[in-house]
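Working through the structure, step by step
What follows is each chain in one-letter form.
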Amino acid sequence: MNGFKYIGGELYSEDVKVAEIAKEVGTPFYLYSSGALFNNYHEFEGAFSELNPLVCYAYKANSNLALCKVLAGAGCGADVVSEGELRKALQVGVPPEKIVFNGNGKTLRELNLALEHDILMFNVDSDEEMVSLNSTAAELRKKARISLRVNPDIDPKTHSHIATGLKESKFGFEISSAIESYHIANELGNLEVAGIHIHIGSQITSLEPFMDALEKIAPLLTKLEETGIELKYLNVGGGLGITYREEPPLLLSDYRQAIASLVKATGLKIIFEPGRRLVGNAGILITQVLSLKETPHKKFVVVDVGMNDLIRPAFYDAYHEIKTVKDEAAADGIVADVVGPLCECGDFLAKDREIPRVRGGDLLAIFSAGAYGFSMSSNYNSRCRAAEVLVKGDIFQVVRERETYEDLIRGERFFEN
Ligand SMILES: Cc1ncc(COP(=O)(O)O)c(C=O)c1O
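The sections below set out a description of the structure shown in this document. (Residues numbered from 1 in each chain as written. Predicted model: local features only at pLDDT ≥ 70, side-chain atom pairs only at ≥ 80, totals over all residues.)

Now for unusual backbone geometry. In this chain, T27 is followed by P28 through a cis amide linkage whose omega measures -5 degrees. For P28, the location among the structural elements is in the loop between helix 1 (18-25) and strand 4 (29-33). Its identity as a non-glycine residue notwithstanding, R141 has a phi of 55 degrees, on the positive side. Structurally, R141 can be placed in the loop between helix 6 (127-139) and strand 9 (144-151). One non-glycine residue with positive phi stands out, namely D352, at about 45 degrees. The residue D352 is located in strand 18 (residues 348-356) in this model. By C-beta crowding, D352 is classed as exposed, having 10 other C-beta atoms within 10 Å. (Helix = DSSP H or I, 4+ residues; strand = E, 2+ residues; numbered from the N terminus. Buried ≥ 20, exposed ≤ 12 C-beta atoms within 10 Å, placed from the backbone.)

This is the structure:
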């Protein structure tokens with residue numbers, strides 16, 4: 001299920017007219033299809049079923065509780081990177097034995113909380129973190145299961161901000177030193193060495209980087225076995241790309257075929273941490289045109305969504321398809337920049353884009369906005385963040401209220417003299 005389609009010139013999400021939602025909720029708002037989410041998860045899980053994988057959705061992509069609940073209800077685990085994400089995963093009912101904790105800077109408070117809940121494992125990022133996790137676990141009289149995040153030094157051929165497995169990146173242990181760190185971990189009484197973790201980047205659309213990474217860690221796996229360190233889990237991270245424009249997404253069946261024999265040969269349980277692949281195309285962002293401005297040099301479609309709502313174009317040079325919610329506006333086309341109302345030249349959603357000649361009040365849909373959309377939004381320019389809406393069949397519900405001025409200033413106070 002795609003989740004979004006045009007019927008008779010009108011954009012629908014599942015069985016609901018998007019324009020109807022806009023009338024009731026106002027703009028801007030993120031709109032998610034629960035059917036698309038559910039399908040994405042089952043497609044993913046089903047594609048790798050012969051490997052009996054544990055799929056841990058990466059909450060950073062979109063941690064709206066309602067959306068996470070759909071995934072948790074389908075049986076999906078959680079990859080979390082903060083106290084907030086851990087609490088959300090627990091709140092929507094993800095069993096602790098399906099939760100992995102990532103990140104290169106976990107606080108003691110986060111380690112404590114995760115240990116108290118006995119999560120499946122921590123993907124540790126440095127020797128120092130191993131030592132502090134060991135002492136935290138000792139204080140709680142617990143054992144912390146760990147994987148070492150290994151940096152395979154692979155170019156995933158994606159945007160530099162999301163290429164995380166290069167040796168210059170801040171993440172993980174270098175392969176050459178990992179064996180030593182595994183042995184240090186093995187000596188720490190309150191750690192249980194359980195696995196190995198790699199995550200080389202995001203929005204990856206070819207198989208090679210994934211395969212290269214697995215090949216690079218293979219000798220380490222052999223060495224670990226030879227030196228008596230027994231692993232149970234092989235966590236291959238997330239990173240699978242989606243279609244934003246016309247790029248063909250990596251076929252899950254190709255990925256499975258490429259890795260199946262390799263993974264089976266290791267005898268390890270495979271863990272995936274997909275984020276974008278599960279939610280990216282299950283969400284769109286609806287905005288209203290404020291004006292069409294024409295200068296002697298350029299045309300600008302000014303909308304009520306800004307870089308504070310969707311930072312991907314400014315931050316990653318990302319392309320998002322933009323279409324009118326009602327097709328009839330499509331008659332006469334222009335080439336324009338679609339820009340937000342913030343005081344930044346980087347505040348754009350599209351550059352030199354062919355778009356129907358819209359007018360103030362027209363609704364636009366920004367596609368493939370379900371991942372790293374709302375979760376990366378901010379209050380920059382003291383703007384209230386957008387509402388979030390979830391559709392299921394012919395029902396829609398606001399699953400996060402649009403922020404108000406009171407939300408905006410919550411916690412702020414005047415300095416008392
Ligand atoms: C460790 C880790 N796992 C999984 C993900 C999810 O990546 P994606 O959304 O590309 O699947 C990320 C994203 O940054 C990550 O850092």
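Next up on the list: helix 8 (residues 208-226). Residues spaced three or four apart along an α-helix point in a common direction, a consequence of the helix completing one turn every 3.6 residues. Helix length check: helix 8, at 19 residues, gives a terminal C-alpha distance of 28 Å against a target of 27 Å (1.5 Å per residue), a fit within 8%. Maximum bend of helix 8: about 30 degrees, positioned at A218, with proline P219 one to four residues after it. Where helix 8 is buried, its residues touch strand 9, helix 7 (175-187), strand 11 (191-197) and helix 9 (252-266). Looking at the residues trailing helix 8, positive phi occurs at G228, about 85 degrees. (Expected span 1.5 Å × (residues − 1). Bend = angle between axes of the 7 residues up to and from the residue. Contact = placed C-beta atoms within 7 Å.)

Quick look at the site of the ligand now. Surveying the vicinity of the ligand reveals 18 residues, the closest of which are A58, S202, G238, G275 and R276. Class assignment of the residues belonging to the shell around the ligand gives a composition of 5 nonpolar, 8 polar and 5 charged. (Near = placed C-beta within 6 Å. Nonpolar A, V, L, I, M, F, W, Y, C, P; charged D, E, K, R; others polar.)

This brings us to helix 9. The end-to-end C-alpha distance of helix 9, which contains 15 residues, comes to 20 Å, matching closely the 21 Å that a straight helix rising 1.5 Å per residue would cover. Largest kink in helix 9: about 40 degrees, centred on I259.

The next thing to look at is the packing of helix 5 (residues 108-116) against helix 6. In the contact formed by helix 5 and helix 6, the axes pass within 10 Å of each other and the chain directions differ by 50 degrees. In terms of orientation, helix 5 lies oblique with respect to helix 6. Both helix 5 and helix 6 take part in a crossing whose hand is right-handed. In contact with L108, L111, N112 and L115 of helix 5, helix 6 contributes S132, L133, T136 and A137. (Axes fitted to C-alpha atoms, helices over the stretch in contact; angles between N-to-C directions. Parallel < 35°, antiparallel > 145°, perpendicular 65-115°, else oblique. Left-handed = near helix turned anticlockwise from the far one by under 90°.)

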